[in-house]
Amino acid sequence: MKIAVQDNLEEVRNFLASQGYEVVSPSNALGAAAMVVTGDIDAREEEHTLALATNPTITTYAPVINAAGKSPEEILQRIREVVGERKA
C-alpha cells in the first residue's frame, strides 16, 4: 500500500517502510491510500480533510493524517483506521 509522507518526517518514513508500506513524497502521491503531514489541522478537521493528488488525466483524493505530536506507531494506527486495514 502506498502512503505519501511529508519529506521532513524521516522517522515516520523509515518506520512505515519497515512495516512494508510503499512510502512516497507528497509530490508523487497519485494512488496513495493516505497522506501524512505536519500542519495546523485539528483532529476534527483531520477526519474531513482529503489531499488532492493529480496528473494530467487522473485526480484522486486521500485522507490526510496530521503527524504533529504523534509517534510513528500512533501514525500507523491512524493509517490503519482511515484505510480500513486490519492489524496483521
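You'll find the structure just up there.
Residues numbered from 1 in each chain as written. Predicted model: local features only at pLDDT ≥ 70, side-chain atom pairs only at ≥ 80, totals over all residues. Heavy atoms only, no water.

Colleague: Looking at this model, I keep getting lost on the nonpolar core. Mind explaining?
Modeller: What tends to happen in soluble globular proteins is that the nonpolar side chains get buried as a cluster. Core analysis: the biggest nonpolar cluster contains 14 residues, and Ile3, Val5, Val12, Leu16, Val36, Ile75 and Ile79 have the highest contact counts within it. Ranked by size, the runner-up nonpolar core spans seven residues in total, among them Ala4, Ala29, Ala32 and Val64. (Core = buried A, V, L, I, M, F, W, Y, C linked by side-chain atoms within 4.5 Å. Buried < 20%, exposed > 50% of the residue type's maximum accessible area, 1.4 Å probe, protein only.)

Colleague: Hey, could you run me through the pattern of salt bridges in this one?
Modeller: Pairing of side chains with opposite charge becomes possible as their charged atoms draw close. Counting across every chain of the model gives two salt bridges. As a salt-bridge pair, arginine 13 and aspartate 7 come within 3.7 Å of each other at their nearest N and O atoms. Judged by relative accessible area, arginine 13 falls into the buried class, the value being 17%. (Salt bridge = Lys/Arg side-chain N within 4 Å of Asp/Glu carboxyl O.)

Colleague: Sorry if this is basic, but what is going on with the packing of helix α1 (residues 10–18) against helix α3 (residues 72–83) here?
Modeller: Helix-helix packing is described using two parameters, namely the angle between the two axes and the distance between the axes. The geometry of α1 relative to α3 is characterised by a closest axis approach of 9 Å and an angle of 60 degrees between their N-to-C directions. In terms of axis orientation, α1 runs oblique to α3. Handedness of the crossing formed by α1 with α3: right-handed. Along its contact with α1, which presents Glu11, Val12, Phe15 and Leu16, the element α3 presents Pro72, Glu73, Ile75, Leu76 and Ile79. (Axes fitted to C-alpha atoms, helices over the stretch in contact; angles between N-to-C directions. Helix = DSSP H or I, 4+ residues; strand = E, 2+ residues; numbered from the N terminus. Parallel < 35°, antiparallel > 145°, perpendicular 65-115°, else oblique. Left-handed = near helix turned anticlockwise from the far one by under 90°. Contact = heavy atoms within 4.5 Å.)

Colleague: It is not clear to me how the pairing of strand β3 (residues 34–37) should be interpreted in this structure. Could you clarify?
Modeller: On a regular strand, one side chain projects to one face of the sheet and the next to the other, so that they alternate. Residues Ala34 and Val36 point to one face of β3 and Met35 and Val37 to the other, with burial holding for every one of them. Bridge count between strand β1 (residues 2–5) and β3: three bridges; the pairing is parallel. When the bridges of β3 are listed, alanine 4 appears paired with methionine 35. (Pairing = 2+ DSSP bridges.)

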